[in-house]
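Secondary and tertiary structure notes
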Amino acid sequence: MKELVIVSGKGGTGKTSISAALACQAPQKVMVDCDVDAANFHLVSGATIKETHVFTAGFQPHIDVQVCTHCGKCTDLCRFGAITAGVITTPLDCEGCGVCAFNCPEHAIAMQEKQAGHWFISDTRFGCLIHAELGLAIENSGKLVSKVRQEAKKIATAGHLPLIITDGPPGIGCPAIAALSGATLALAVVEPSLSSMHDLARLADLVAHFKLPLAVCINKSTLHPENTEQIRTWCHSKDIPIFGQIPYSDTFRSAIQAGKTVLEVVDGNVTEELTGLWQNIASRLNIPQNDRKFDSLRRKFNIFR
Ligand SMILES: Nc1ncnc2c1ncn2[C@@H]1O[C@H](COP(=O)(O)OP(=O)(O)OP(=O)(O)O)[C@@H](O)[C@H]1O
Ligand code: SF4
Ligand code: SF4
C-alpha cells in the first residue's frame, strides 16, 4: 500500500484543492484529511458521515464533592491556577498533570481521560474519507493525525486498496511530522510567494529527515512568474522533481463555493495540468492511473482536449 501525503510549509497554498483533484482522478484509494485543526476536505468531496468516534487524549481531574473537605491543598499545589479548593475554576488552564489527585489527602480527585475531539468515517463522491475535528483549545493534534492515518490504513488493508491520499496539515510542526512519518511520497504544494518559498526549504529538510522522496507542485504559478522560476531553479539545484505547475484560475474559487473539486468545473488549462500532475504521481508510485468514474466525469464535462 502506498501513501501520498500532500503538504505545504504554509497554509492556503492550495493543498486541499489539489488533494481533492487528485482524489477525483485516482482509482481505488482511501482519503484522509490530516488537517485536523481546520478540516475542509469533506466540504469539497460531498462527505456523508457514516461513523463518528470520540477521540480522547490526556487527562482531566474529576472531583468527588461528597469527599472533598475544601482543605485547599490542591489550590496550593496546582502550578497552573486551574483549581480552587476542590473546584476546577479555569478548565482551559488545567494541564492534566495529576498533581492535585496525587496529593489530595481525602483521595477526592480521580484523573479521567479527556474527550479531545471526534474522528469520522465518511462516504464521498470519490470513496471513503477519514477525517477529524479537534476540540477547542486542545493541543494533541499530532496524536489525532496519527489516529486518522492508522484508521485509513486499516480500511485500505481490509478493502485491498493500493493507495491512501492524505491532505496534510500546513507547517512543519507536530501534526506535519505525524502526517509524514512512514509515508511513501510527499508532495509539497508551493505558491510563488516569498513565505511559501522560504517554508518549502524548511519542509524539504523535514521530509529529508524522514528519508521520504519529495516532489513539488507549484500552484498559482502565474501570480508571480519570477518567483515561480526561482522555485524551479531551487528544486533543480536540490534534485527535487516538479510534478506539476498549476496556473492561477478563478475556477478554484468557484469550485470551492460549489462544494466541488476543480476538475468537476470546466477549465481546460487547469484540468490538463492537474491530469499531468496525477500521471506523474501515479507513475512515481507505480499504481494505475485510470478511474472509470473520473473517465465518465471527463466525458460528461468534456474537460480534456
Ligand atoms: N490555482 C489556483 N488559482 C486560484 N485560486 C486557488 C488556486 N489554488 C487554490 N486556490 C484558492 O486558494 C485558497 C486556498 O486553497 P485551499 O483551501 O485548497 O488551500 P490549503 O493549502 O488547503 O489551505 P489551508 O492550509 O488553509 O487548509 C482557496 O480559496 C482556493 O480556492
Ligand atoms: S486537596 Fe482534595 S480535599 Fe482538599 S480541597 Fe482539594 S480536592 Fe478537596
Ligand atoms: S491536574 Fe494539574 S493542572 Fe489540572 S488542576 Fe490538577 S494540579 Fe492543576
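Since we're looking at a predicted model, the values are computed, not measured.

Take the sheet that holds strand β9 (residues 185–190) next. Backbone hydrogen bonds are what pair the strands of a sheet, in a parallel or an antiparallel way. Strand order across the open sheet formed by nine strands is β3-β6-β7-β2-β8-β1-β9-β10-β11, with mixed pairing between neighbours. Because the sheet does not close on itself, it has two edges, and the strands there are β3 (48–63) and β11 (242–246). Sheet twist, expressed as the mean angle between neighbouring strand axes with direction ignored, is 20 degrees. Sheet topology note: the β3/strand β6 (residues 109–124) ladder contains 13 bridges and is antiparallel. Each bridged residue has a counterpart across the sheet, and for Q60 the counterpart in β6 is Q112. Helix-sheet contacts for helix α1 (residues 15–25) involve β1 (2–8), β2 (29–33), β8 (163–170), β9, β10 (214–219) and β11, and the interaxial angle to β8 is about 175 degrees. Sheet strands touched by helix α5 (residues 141–158): β1, β2, β3, β6, β7 (127–134) and β8. Its angle to β7, the strand with the most contacts, is close to 165 degrees.

The full set close to ligand 1 counts 18 residues, and K15, T16, S17, N219 and S249 are the nearest of them. Here an oxygen atom of ligand 1 sits 3.2 Å away from a polar atom, N or O, in the main chain of T13. Within the backbone of S249, one N or O atom sits 2.9 Å away from a nitrogen atom of ligand 1. For ligand 1, whose free accessible area comes to 630 Å², the fraction covered by protein is 81%. Mapped by element, the contributors of at least two residues to the shell around ligand 1 are α1 and α9 (251–257). A class-by-class count of the residues in the shell around ligand 1 yields five nonpolar, nine polar and four charged.

Cut-off values and rules
- Residues numbered from 1 in each chain as written.
- Chains lettered and ligands numbered in written order.
- Predicted model: local features only at pLDDT ≥ 70, side-chain atom pairs only at ≥ 80, totals over all residues.
- Heavy atoms only, no water.
- Pairing = 2+ DSSP bridges.
- Helix = DSSP H or I, 4+ residues; strand = E, 2+ residues; numbered from the N terminus.
- Axes fitted to C-alpha atoms, helices over the stretch in contact; angles between N-to-C directions.
- Contact = heavy atoms within 4.5 Å.
- Near = heavy atom within 4 Å.
- Polar contact = N/O pair within 3.5 Å; in protein donor to acceptor, adjacent residues only side chain to side chain.
- Areas by Shrake-Rupley, 256 points an atom, 1.4 Å probe, with all protein chains shown as cover.
- Nonpolar A, V, L, I, M, F, W, Y, C, P; charged D, E, K, R; others polar.

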